[in-house]
Amino acid sequence: MEIDKYLYHMRLSEETLQEVSQRFGKEMEKGLGADTNPTASVKMLPTFVRSTPDGTEDGDFLALDLGGTNFRVLRVKVSDNGLQKVEMENQIYAIPEELMRGSGVQLFDHIAECLANFMEKLKIKDKKLPLGFTFSFPCHQTKLDESILVTWTKGFKCSSVEGKDVVSMLRKSIKKRGDFDIDIVAVVNDTVGTMMTCGYDDHNCEVGLIVGTGTNACYMEEMRHIDLVEGDEGRMCINMEWGAFGDDGVLNDIRTEFDREIDMGSLNPGKQLFEKMISGMYMGELVRLILVKMAKEGLLFGGRLTPDLLTTGHFETRFVSAIEKEKEGLQKAHEILTKLGLEPSHEDCVATHRICQIVSTRSASLCGATLAAVLRRIKENKGVDRLRSTVGVDGSVYKKHPHFARRLHKTVRKLLPDCEIRFVRSEDGSGKGAAMVTAVAYRLAAQHKARQKILEALKLSHEQLLEVKQRMRIEMENGLGKETHVDATVKMLPTYVCSTPDGTEKGDFLALDLGGTNFRVLLVRVRNGMRRGVEMHNKIYSIPVEIMQGTGEELFDHIVHCISDFLEYMGMKGVSLPLGFTFSFPCQQNNLDEGILLKWTKGFKATGCEGEDVVNLLKEAIHRREEFDLDVVALVNDTVGTMMTCGYEDPYCEVGLIVGTGSNACYMEEMRNVELLEGEEGRMCVNMEWGAFGDNGCLDDIRTEFDLAVDELSLNPGKQRFEKMISGMYLGEIVRNILIDFTKRGLLFRGRISERLKTRGIFETKFLSQIESDCLALLQVRSILQHLGLETTCDDSIIVKEVCTVVARRAAQLCGAGMAAVVDKIRENRGLDFLKITVGVDGTLYKLHPHFSTIMHETVKHLSPKCEVTFLQSEDGSGKGAALITAVACRIREAGQR
């Protein structure tokens, strides 16, 4: 093949195409980076289009398409009654030559007039319709509805538009008329429109491609990779402006003498070099230059040249398509060459056919190489093994050339064997596409507004939080008062713990920790002096369900059996030690070592315990076993234990707080205020049982429909209302209820509620911590949601994350408001203008959630400016804490004996 040898440089191997693809990938990176963008040839412009259609778009839209000597006005009706249909009417208006070279104001006045004429015709002048504006000139976009013209192209030369926002110019022209009003929602590049029209029919469509007179592409990029736009959440469509690939010289090794010649003779030498190798504007011209050179060298037409063949632009790209047609191609070649004044032989026709083939194949291959780079990037962004994606395509070369599309698809398949890519021909991207972008923007805005309205109820103002603090204070007073205690919801129980550690405690202590399905026995060695510290050994035992729900004797015998096993395990059989018993159930304490169980919670149902002294039940079980004797010194609530462990580290610690599965707090109150007990001297720790705050209805004005739903379905409706707004056991449920509400309203998951989402308790609170973790990308949010059986889009993930944030933020603020009430009461008790105090904190929500503690601290600071509060994380309040309370009690008892 003579021609193949001659055009050797135009025939690109698979290796070369892989190389081009790799280079293009690097150019994309450059365009996206903040530091490299200014010098990048592939500009990667953000379009502010953040979402593709999901099929629920609805409404009446206008579109304006300005990209050449004509412009169109369209009305697009999108309806979603399960049938996704689009109806369109449009009108083409000419732009007179003098307007293309006149002033910008005249141009936009003309457009406004045509718009008025169109609306008049359709009798819609009285409606304020949303409009999408396809403006196919190089622009710098800063918002969806703001686009600054960089330079005019395609023969336009209107004065004082370059450097200005075209939307505001159009708005001014419309306002000046005053006979109609529209809402310009979006400025769109035709490539983006192409992606959006296909996206309406195929939700996998995330790339738009145009190969016509010019060429360009766009695709959905992750926001975290787009340095030029603030924010890391979600995706945004990038208008690549890929025609300029190679303008910095990276394609010089594959450009041929013909490419260089075409560039020299063009209107913009050195610019859009990739486009000049590919697009319709240049394809015919490349063939003509090759024919001329070969004729000059005597290889074609017997060395004859004609004036027609020597005229730029006389070999049109449509000729290339005609000549390459299967059946009549050679005959067409003969006709076309004859028209150019040549007398072609059969061989000349065959040769011309082959030249066209080589030029158009190179075009399709190069286009496939850059497209493969885009798809590879999307695949890496998503972190999937196989990418299933759709490319929306438009343009005369793609649509009219007999083999271009097939060759393009083949190249992409060769370069990306592990992807399933569908190609969909777009219908009217610049018209319908602009309306689609507008429809999506409208849907997103309407949905966002609806969601914000629902979430508004969960956002608390500074005034509301102050109000919560004041109400907590009132409830605390009620719990402490002798007259009011009976009916008080916040019980303010005396714990008989009258002192925090002073550092002189020493000895060996046992601790028991019973608060759930597991039960721990600990040996705690407390040392003082130089080697001051705490050394611990423990063992965990389970409590079988039949024992939790059997008789009290069985339960306490099981506990004593576990203590016996532990002492044997520690080699301490028969030793008599002081013991602290953490018993995390509601008790009324009558002494440090005496507490009446008020009611079982957390699934315990053992008979013969409620109304009894649990210390007594334990002592009786020890005596029944007759194996060892223990001195039960203290019955402890886990909140008090939390305060005590921190008190051992920090003498300022006089408050304990737990925010985990449940929530509670305790603090050192002046004895004179504890009206339930005799005595005015000193202090005593009060176990607030603050979870029940609001059970008398004092928080009803800030409880939302979601709180009510969670409460109704809980094991104890109407009880522990404050706890149900702040603790880990319930936050996931609140989130789940909000997500269901959003989905029912069509604001999430495309309105589809999965069976999983209907299941109580699936949204564990640890997911809240994971979803809100800053280092996690939305990919991980999606995988958590997929694990829950929820198929989500990127937008869905952002919404779920926002709901989690709002719910957790409210929890932290409410918790902070309660804490502010406590520290301010202590400050006032002591008649201080300023109080420095430490709060010992424990609980999974406080420790594991990425933002809970920070927000809670800030809230306390705002609501109690006269207190300097330090928060100290407690280590094992229910184990070590119980031992320390015992140690302090033993220290005081010994001092008394002395």
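Residues numbered from 1 in each chain as written. Predicted model: local features only at pLDDT ≥ 70, side-chain atom pairs only at ≥ 80, totals over all residues. Heavy atoms only, no water.

Student: Is there a simple way to think about the overall build of the chain in this case?
Tutor: Looking only at helices and strands, one finds 29 helices and 26 strands in the chain. The C-alpha radius of gyration of the chain comes to 39 Å, more than 25% above the 29 Å expected for a compact globule of 898 residues. Referenced to the eigenvectors of the C-alpha coordinate spread, the extents of the chain come out at roughly 130 × 65 × 50 Å. Per-residue burial for the chain yields a buried fraction of 58% across its 898 residues. In the chain, 70% of the contacts between residues at least 6 apart in sequence involve partners at least 24 apart. (Helix = DSSP H or I, 4+ residues; strand = E, 2+ residues; numbered from the N terminus. Rg over C-alpha atoms; globule rule 2.2 N^0.38 Å. Buried < 20%, exposed > 50% of the residue type's maximum accessible area, 1.4 Å probe, protein only. Contact = heavy atoms within 4.5 Å.)

Student: Explanation requested: the sheet that holds strand β2 (residues 59-66) in the structure shown.
Tutor: Across a sheet, paired strands are connected by hydrogen bonds in the backbone, their directions being either parallel or antiparallel. A sheet is described by the order of its strands in space; here five strands give the open sequence β4-β3-β2-β5-β8, paired in mixed fashion. The sheet is open, and its two edges are formed by β4 (85-94) and β8 (182-188), each paired on a single side. Within this sheet the neighbouring strands show an average axis-to-axis angle of 20 degrees, counted without direction. Relative to β8, strand β5 (residues 129-135) is paired through six bridges, and the arrangement is parallel. In the strand pairing of β8, Thr134 is matched with Val188. (Pairing = 2+ DSSP bridges. Axes fitted to C-alpha atoms, helices over the stretch in contact; angles between N-to-C directions.)

Student: Honestly, unusual backbone geometry in this entry has me stumped. Any pointers?
Tutor: One non-glycine residue, Glu626, lies in positive phi territory at about 50 degrees. Structurally, Glu626 is set in the loop between α19 (614-625) and β21 (631-636). One non-glycine residue, Gln720, lies in the positive phi region at around 55 degrees. Take Gln720: it is sitting in the loop between α21 (705-712) and α22 (721-726).

Student: Before we go on, may I ask you to explain the pattern of salt bridges in this structure?
Tutor: Oppositely charged side chains may form a pair once their charged atoms are brought near each other. Applying the stated rule across the entire model yields 69 salt bridges. With a closest N to O distance of 3.4 Å, Glu420 and Arg386 form a salt bridge. A residue pair is termed long-range when its members are at least 10 positions apart, and Glu420 in strand β13 (residues 419-425) and Arg386 in the loop between α12 (346-382) and β12 (387-394) qualify at 34 residues. What makes Glu420 partly exposed here is its relative accessible area of 40%. Between Asp502 and Arg891 there is a salt bridge, with the nearest N and O atoms lying 2.6 Å from each other. Note that Asp502 is positioned in the loop between β14 (493-494) and β15 (507-514) and Arg891 in helix α29 (residues 880-897), a separation of 389 residues in sequence. (Salt bridge = Lys/Arg side-chain N within 4 Å of Asp/Glu carboxyl O.)

Student: Would you take a moment to explain the side chain of Ser584 for this structure?
Tutor: When you line up the elements, Ser584 lands in the loop between β18 (578-583) and β19 (587-591). In contact with Ser584, not counting residues within four places along its chain, are Leu514, Gly515, Lys602 and Asp638.

Student: Which parts of the structure should I look at to understand the sheet that holds β14?
Tutor: Sheet architecture is open: six strands sit in the order β14-β24-β23-β22-β25-β26, paired in mixed fashion. The sheet terminates laterally at β14 and β26 (867-873), the two strands that pair on one side only. Sheet topology note: the strand β22 (residues 653-659)/strand β25 (residues 835-842) ladder contains five bridges and is parallel. Looking across to β25, one finds that Gly656 is bridged to Gly840. With respect to the sheet, helix α20 (residues 638-649) is in contact with β22, β23 (663-670), β24 (683-687), β25 and β26, its orientation differing from that of β22 by roughly 135 degrees.

Student: What exactly am I supposed to notice about α19 here?
Tutor: Turn by turn, an α-helix covers 3.6 residues, leaving residues three or four places apart pointing in a common direction. Over its twelve residues, α19 runs 17 Å from end to end, which matches the ideal 16 Å to within 8%, given 1.5 Å per residue. Val614, Val615, Leu617, Leu618, Ala621 and Ile622 are the residues of α19 that are buried. With its buried residues spanning 160 degrees around the axis, α19 presents them on a single face. Buried positions along α19 lie against β15, α18 (552-569), β18, β20 (594-597) and β21. Where α19 begins, the side chain of Asp613 points an oxygen toward the backbone nitrogen of Val615, at a separation of 3.0 Å. (Expected span 1.5 Å × (residues − 1). Arc of directions from axis to C-beta. Polar contact = N/O pair within 3.5 Å; in protein donor to acceptor, adjacent residues only side chain to side chain.)

Student: Please clarify how the packing of aromatic side chains should be interpreted in this entry.
Tutor: Any two aromatic rings considered together are summarised by their centre-to-centre distance and by the angle between their planes. All chains considered together, the criterion is met by 18 aromatic pairs. Aromatic pair Phe24 and Trp242: ring centres 5.7 Å apart, planes at 75 degrees, arrangement edge-to-face. Of this pair, Phe24 sits in helix α2 (residues 14-32) while Trp242 sits in the loop between β11 (235-239) and α7 (257-264), and the two are 218 residues apart along the sequence. Note on accessibility: Phe24 and Trp242 belong to one class, buried. Taking 4.9 Å as the distance between ring centres and 65 degrees as the angle between the ring planes, the aromatic pair formed by Phe24 and Phe245 counts as edge-to-face. On the criterion of sequence distance, the pair formed by Phe24 in helix α2 and Phe245 in the loop between β11 and α7 is long-range, its members being 221 residues apart. Like Phe245, Phe24 is buried. Ring-pair connections join several aromatic residues into one group, and the members of that group are Phe581, Phe583, Phe585, Trp600 and Phe604. In this structure, Lys539 is placed above the aromatic ring of Tyr569, and the distance from its NZ or CZ to the ring centre is 4.6 Å. (Phe/Tyr/Trp six-rings, centres within 6.5 Å; stacked < 30°, edge-to-face > 60°. Lys NZ or Arg CZ within 6 Å of the ring centre and 35° of its normal.)

Student: Teacher, can you tell me more about the side chain of Arg288 here?
Tutor: If you trace the backbone, Arg288 turns up in helix α9 (residues 280-296). Sequence-distant contacts of Arg288, defined by excluding residues within four places in its chain, comprise Leu309, Leu310, Thr311, Thr312, Gly313, His314 and Phe315.

Student: Help me out: how do you make sense of helix α28 (residues 852-863) in this one?
Tutor: Taking 1.5 Å as the rise per residue, α28 with twelve residues should run 16 Å; its terminal C-alpha atoms sit 17 Å apart, in good agreement. Along α28, the positions that sit buried rather than exposed are Phe852, Ser853, Ile855, Met856, Thr859, Val860 and Leu863. The arc enclosing the buried residues of α28, seen along the axis, measures out at 165 degrees, which places them on a common side. Away from the buried face of α28 by more than 90 degrees, exposed residues Lys861 and His862 are located. Buried residues along α28 sit against α16 (462-480), β22, α22, α26 (794-829), α27 (844-848) and β26.

Student: What am I meant to see in the nonpolar core here?
Tutor: Proteins that are soluble and globular tend to have nonpolar side chains buried together. Judged by nonpolar contacts, the single largest core of 113 residues is most densely connected at Leu657, Tyr667, Met688, Trp690, Phe763 and Met819. Tallying contributions element by element places α26 first for this core, with 17 residues. The residues touching Met819, leaving out its near neighbours within four places in the chain, are Val655, Leu657, Ala665, Trp690, Val839, Val860 and Phe871. By size, the runner-up hydrophobic cluster in this structure holds 112 residues, among which are Leu17, Ile238, Leu291 and Ala405. (Core = buried A, V, L, I, M, F, W, Y, C linked by side-chain atoms within 4.5 Å.)

Student: What am I meant to see in empty space enclosed by the protein here?
Tutor: Within the structure shown, the criterion is met by two cavities of 30 Å³ or more. Put simply, the largest cavity is a space of about 120 Å³. In terms of lining, the largest cavity is formed by 15 residues, of which the most central are Cys139, Gln141, Ser147, Asn189 and Asn239. Listing elements by their share of the lining of the largest cavity, those giving two or more residues are β1 (45-46), β6 (139-143) and β8. (1 Å grid on protein atoms, 1.4 Å probe; cavity = no way out; pocket = protein on both sides within 12 Å on 5 of 7 lines; lining within 4 Å. Points joined across faces, edges and corners; volume = space filled by probe spheres on them.)

Student: Even after reading the chapter, I still don't get the confidence of the model for the chain, so can you show me in this structure?
Tutor: As a general rule, the predicted coordinates of low-pLDDT regions are not to be interpreted in detail. Summarising the model, the chain shows a mean pLDDT of 89, and 98% of its residues fall at 70 or more. Of all the helices and strands in the chain, helix α25 (residues 778-787) carries the lowest mean pLDDT, 74, while α16 carries the highest, 97. (pLDDT = per-residue confidence, 0-100.)

Student: Any chance you could explain the packing of α26 against α28 here in plain terms?
Tutor: Helix packing geometry: the angle between the two helix axes and the distance between the axes. Taken N-terminus to C-terminus, the directions of α26 and α28 make an angle of 40 degrees; their axes are 7 Å apart at the nearest point. In terms of orientation, α26 lies oblique with respect to α28. Remark: the crossing between α26 and α28 carries right-handed chirality. Across the interface between the two elements, Ala808, Arg809, Ala811, Ala812, Gln813, Cys815, Gly816, Ala817, Met819, Ala820, Val823 and Asp824 from α26 touch Phe852, Ile855, Met856, Thr859, Val860 and Leu863 from α28. A per-class count over the contact of α26 with α28 returns 13 nonpolar, three polar and two charged. (Parallel < 35°, antiparallel > 145°, perpendicular 65-115°, else oblique. Left-handed = near helix turned anticlockwise from the far one by under 90°. Nonpolar A, V, L, I, M, F, W, Y, C, P; charged D, E, K, R; others polar.)

Student: Quick question: what am I supposed to make of the environment of Asp502 here?
Tutor: On the basis of relative accessible area, Asp502 is assigned to the partly exposed category, the value being 47%. Polar contacts involving the side chain of Asp502 include one to the side chain of Arg891, which spans 2.6 Å.

Student: In this structure, what is going on with the pairing of β15? I would like to understand it.
Tutor: Successive side chains on a regular strand alternate, one facing one side of the sheet and the next facing the other. Burial within β15 is extensive, with six of its eight residues counted as buried. Alignment of β15 against strand β16 (residues 518-527), held across eight bridges, turns out to be antiparallel. Note that in β16 the partner of Asp508 across the bridge is Arg525. Counting the residues in the hairpin turn of β15 and β16 gives three residues.

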